[in-house]
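The primary structure of each chain is shown beneath.
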Amino acid sequence: MSKKPNILLIYTGGTIGMIKDYPSGTLRAFDFNKLVSNIPELSQLECEIESISFKTPIDSSNMNPSYWVLIASIIEQNYEKFDGFVVLQGSDTMSYSSSALSYMLENLSKPVIFTGSQLPIGDLRTDAKENLITSIQIAALQENNQAVVQEVCLYFEYKLYRANRTTKINAEHFQAFTSLNFPALAESGVHLKINQNYLLKNKKGKKLKVHKVMDTNVAIFKLFPGFNRALLQGILNIPGLKALVFETYGAGNAPTDDWLLSDLSEAIKRGLHIVNVTQCSGGSVIMGRYSTSEQLKKLQLINGGDITSEAAITKLMYLLGSGVSHKSFRTIFETSLRGELT
Ligand code: ASP
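Before going into details, it helps to say that this report is about the structure given with it. What you are looking at is a predicted structure, and each value in this text was computed from that prediction instead of being measured.

## A word on the overall build of the protein
Scanning the protein from N- to C-terminus turns up nine helices and 20 strands. Against the 2.2 N^0.38 benchmark of 20 Å for 342 residues, the protein shows a C-alpha radius of gyration of 21 Å, consistent with a compact globule. When its C-alpha atoms are laid out on the principal axes, the protein stretches across 65 × 50 × 35 Å. Every one of the 342 residues in the protein was classed for burial, and the buried ones make up 53%. The contacts of the protein with a sequence gap of at least 6 include a subset with a gap of at least 24, amounting to 73%. Just so you have it, the protein exposes about 15800 Å², and 50% of that area is on carbon and sulfur atoms.

Structure, rendered in structure tokens:
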């Protein structure tokens, strides 16, 4: 008989790890060492589960690159011992964290599934149990002694997504995430349906490489009708700024004022990397389609294509942290590294 898969749960914080004390109505942190006794359903799963928790669990609004390095290091240290990883964190910044981890974990051949919940695990109407149980099941899926999922994913409300394609779209609904530019990798109904064709596969024999330097000299500027020059200049002139996500309208469009184009052009000449990313949750930048993006094309803004802002900002941190040369920066950014671009 083949051995049961070993799954490591990494609890970073967030609503999922809270339990409601019904007599008093207060929420308190859940003791992950008592996971199986608190959720007896877990013992029904065909896998062994161990868990590890941040010393001080955090609300995901406090997430930052040093915590991403911590998560990456926990995975690195436990990579041989476990067959899959489930990372529990608050949903607010989950798309950022999971996108970041997708870049930091190169040549991944085991599943890393991020999940969380809108209601605490101890709440009567909780969505946490389904999210947690199915995430563990997906992390444990094996075929011919190999993990079925070999990438960083996000599981929420019956859908498994490629993490770096997701955005949090709802603070109320159980369906908190969407992935408008890439189909779900799996759907959980009566059966767990895996869309094999969409899964990334690690080229055999490539060893996991963990990147731990994320450069935070980056910014996002979201266009809005009426933004003034001083605001843009304030951002373009931030000391030490190396790269900017320029969030444009629709298919990558921006106002055609001369001052805007000259400020951008001057910043690019100084060496700032500027990426054109659409502020729409779905669709793609197509520079040159409208006259309002023709100039941006001429200025040679980096084309963000259909990347999300979350995947773009973390990709900038990763590429800058990896010391990619100025010359090859555009080409590498415009190349899909972990399935984040079509
Ligand atoms: N504020 C919480 C967090 O992101 C919400 C959640 O857990 O989903 O940590």
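## Quick word on the site of the ligand
Taken together, G14, T15, D59, S60, G90, S91, D92 and S117 make up all the residues around the ligand. S60 has a polar side-chain atom sitting 2.6 Å from an oxygen atom of the ligand. In the model, an oxygen atom of the ligand is placed 3.4 Å from a nitrogen or oxygen of the S117 main chain. Its free accessible area being 270 Å², the ligand has 87% of it covered by the protein chains. Partitioning the shell around the ligand into residue classes produces no nonpolar, six polar and two charged.

## Remarks on the sheet that holds strand β10 (residues 152-156)
Adjacent strands of a sheet form backbone hydrogen bonds with each other and so pair up, either parallel or antiparallel. Reading across from one edge, β4-β1-β5-β7-β10-β11-β14-β15 is the order of the eight strands in this open sheet, with mixed pairing throughout. The open sheet is flanked by β4 (48-53) and β15 (192-194), the only strands paired with a single partner. On average, adjacent strands in this sheet sit at an angle of 20° to one another, irrespective of strand direction. Here strand β1 (residues 6-11) pairs with strand β5 (residues 84-88) via five bridges, running parallel. Residue L8 lies in a different strand from β5, and its bridge partner there is F85.

## Thoughts on the nonpolar core
Among the nonpolar cores identified, the biggest contains 52 residues, and L101, L105 and V112 are the most heavily contacted of them. Of all the elements, helix α8 (residues 309-321) adds the most residues to this core, at eight residues. Apart from residues lying up to four places away in sequence, V112 is in contact with I75, F85, V87, L105, E151, V152 and C153. If you look at the next biggest cluster of nonpolar residues, it comprises 33 residues, including F30, I49, L185 and A186.

## Let's talk about helix α5 (residues 229-236)
Here α5 has its buried residues at L232, I235 and L236. Here the buried residues of α5 occupy an arc of 100° about the axis, which is enough to place them on one side. In this structure, the buried side of α5 is in contact with β17 (218-222), β18 (243-248), α6 (258-269) and β19 (273-278).

## Notes on the side chain of N202
Relative to the elements of secondary structure, N202 occurs in the loop between β15 and β16 (209-210). For N202, a relative accessible area of 17% gives the class buried. A distance of 3.2 Å separates a polar atom in the side chain of N202 from the backbone oxygen of N107. Sequence-distant contacts of N202, defined by excluding residues within four places in its chain, comprise N107, L108, S109 and Q150.

## As for empty space enclosed by the protein
According to the stated counting rule, one finds one cavity of 30 Å³ or more in the structure shown. Approximately 30 Å³ is the volume found for the largest cavity. Every residue lining the largest cavity is listed: R165, T167, T178, S179, L180, N181, S281 and T308. Grouping the amino acids of the lining of the largest cavity by side-chain chemistry returns one nonpolar, six polar and one charged.

## As for the packing of aromatic side chains
Tallying each qualifying case throughout the model produces 10 aromatic pairs. Consider the rings of F182 and Y198, whose centres lie 5.7 Å apart with planes at 70°: the pair is edge-to-face. In this pair, F182 sits in the loop between β13 (177-178) and β14 (186-188) while Y198 sits in the loop between β15 and β16, placing the two residues 16 residues apart along the sequence. For F182, a relative accessible area of 16% corresponds to the buried category. An angle of 20° between the planes, with centres 6.1 Å apart, marks the rings of F221 and F246 as stacked. Of the two residues, F221 is situated in strand β17 and F246 in strand β18; the sequence distance between them amounts to 25 residues. You'll find F221 and F246 in the same group, each marked buried. Counting every residue linked through ring pairs, the aromatic cluster contains F221, F224, F227, F246 and W259. Here the basic side chain of K110 rests over the ring of Y79, its NZ or CZ set 4.8 Å away from the ring centre.

## Comments concerning the sheet that holds β19
Spatial ordering of the open sheet is given by β17-β18-β19-β20, a layout of four strands whose pairing is parallel. Edge positions in the sheet fall to β17 and β20 (302-303), since each of these pairs with one other strand and no more. Where β19 lies against β20, two bridges are found, and the strand directions are parallel. Looking at the pairing, V275 lines up with I302 of β20.

Cut-offs used in this document
- Residues numbered from 1 in each chain as written.
- Predicted model: local features only at pLDDT ≥ 70, side-chain atom pairs only at ≥ 80, totals over all residues.
- Heavy atoms only, no water.
- Helix = DSSP H or I, 4+ residues; strand = E, 2+ residues; numbered from the N terminus.
- Rg over C-alpha atoms; globule rule 2.2 N^0.38 Å.
- Buried < 20%, exposed > 50% of the residue type's maximum accessible area, 1.4 Å probe, protein only.
- Contact = heavy atoms within 4.5 Å.
- Areas by Shrake-Rupley, 256 points an atom, 1.4 Å probe, with all protein chains shown as cover.
- Near = heavy atom within 4 Å.
- Polar contact = N/O pair within 3.5 Å; in protein donor to acceptor, adjacent residues only side chain to side chain.
- Nonpolar A, V, L, I, M, F, W, Y, C, P; charged D, E, K, R; others polar.
- Pairing = 2+ DSSP bridges.
- Axes fitted to C-alpha atoms, helices over the stretch in contact; angles between N-to-C directions.
- Core = buried A, V, L, I, M, F, W, Y, C linked by side-chain atoms within 4.5 Å.
- Arc of directions from axis to C-beta.
- 1 Å grid on protein atoms, 1.4 Å probe; cavity = no way out; pocket = protein on both sides within 12 Å on 5 of 7 lines; lining within 4 Å.
- Points joined across faces, edges and corners; volume = space filled by probe spheres on them.
- Phe/Tyr/Trp six-rings, centres within 6.5 Å; stacked < 30°, edge-to-face > 60°.
- Lys NZ or Arg CZ within 6 Å of the ring centre and 35° of its normal.

Keep in mind these values describe shape, not function.
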